[in-house]
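Each chain, written out:
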Amino acid sequence: MRPHAHVLQLDIQGSPQAWISLERAAIHYACSDVMWEEGSGPLATLRGGMNARTGIQSRIEVAPIIALKGASRINLFDVIPSFSKSKLLRRDRHTCAYCGQVLAGDLLQCEHIIPESRGGPWSWMNLVTACGPCNLRKGARTPDEAGMPLIYLPYVPSRWEDFLLEGRYVRADVHEWLSARLPRNSRLT
Ligand SMILES: [Zn+2]
């Protein structure tokens, strides 16, 4: 599969729903479910069946962002994006929340602001990125107790942001489309 071969699927109102494969997108085109498209040009051109009458093979040009018929049933603003270490590191720009060092992923850890041993949850609001030495030094203390103030604050990513955090290879035009919809507190802009 090509690196950019994921299509951002929206509902008719423009809320992101999922990253889908080219093949899945092609099915939506074939079923005439695609209501509008975004992006600077086709992501791929797929060849379909042969037209029996004309003898011409059909072609489907798949855009990088497609909006499908029908609104989604759930309110996406109520959905908290699922948590993962790689998404946390991207949210925090690979920066230790205590010393400010920018490091590679394997040198960084998910750090509980309120320690786990004291009931601090595994959640977007209680986790930040930290380097090993800072994590060790802070131990089972709060930032206050440890005298280690946070240099940035945690936040729950918005739906649009989550799609940027999730997507491994996001094409420039798709990145722009999502970025234009990020809230002001986002660190991804
Ligand atoms: Zn550190």
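The shown structure was predicted, so the numbers you read here are calculated from the model rather than taken from an experiment.

Attention now goes to the overall build of the protein. Helix and strand counts for the protein come out as 6 helices and 8 strands. The secondary structure elements of the protein, listed N-terminal to C-terminal, are β-β-α-β-β-β-β-α-β-β-α-α-α-α. Expected size for 189 residues packed as a compact globule is a radius of gyration near 16 Å; at 21 Å, the protein overshoots this value by more than 25%. In the protein, which comprises 189 residues, the share counted as buried stands at 24%. Counting only contacts in the protein whose residues sit at least 6 apart along the sequence, the fraction spanning at least 24 positions is 62%.

Next up on the list: the confidence of the model for the protein. The predicted coordinates ought not to be read in detail in places where the model reports low pLDDT. With 92% of its residues at a pLDDT of at least 70, the protein reaches an overall mean of 88. Element-level mean pLDDT values for the protein span from 81 in strand β4 (residues 44-50) up to 98 in strand β8 (residues 127-131).

Moving on: the nonpolar core. Of all hydrophobic cores here, the largest spans 19 residues; its most connected members are V7, L8, V62, I65, I66, V174 and L178. Counting only elements with at least two residues in this core, the list comes to β1 (6-10), α1 (22-30), β6 (65-68), α5 (159-166) and α6 (172-179). Sequence-distant contacts of I66, defined by excluding residues within four places in its chain, comprise V7, Q9, L10, A25, H28, V34 and E37. In terms of nonpolar packing, the next biggest core, distinct from the first, is built from 10 residues, Y98, L108, L127 and V128 among them.

All of the buried residues along α5 are W160, E161, D162, F163 and L164. On its buried face, α5 sits against β1, β2 (16-21) and α6.

What counts, and where the lines are drawn
Residues numbered from 1 in each chain as written. Predicted model: local features only at pLDDT ≥ 70, side-chain atom pairs only at ≥ 80, totals over all residues. Helix = DSSP H or I, 4+ residues; strand = E, 2+ residues; numbered from the N terminus. Rg over C-alpha atoms; globule rule 2.2 N^0.38 Å. Buried ≥ 20, exposed ≤ 12 C-beta atoms within 10 Å, placed from the backbone. Contact = placed C-beta atoms within 7 Å. pLDDT = per-residue confidence, 0-100. Core = buried A, V, L, I, M, F, W, Y, C linked by C-beta atoms within 7 Å.

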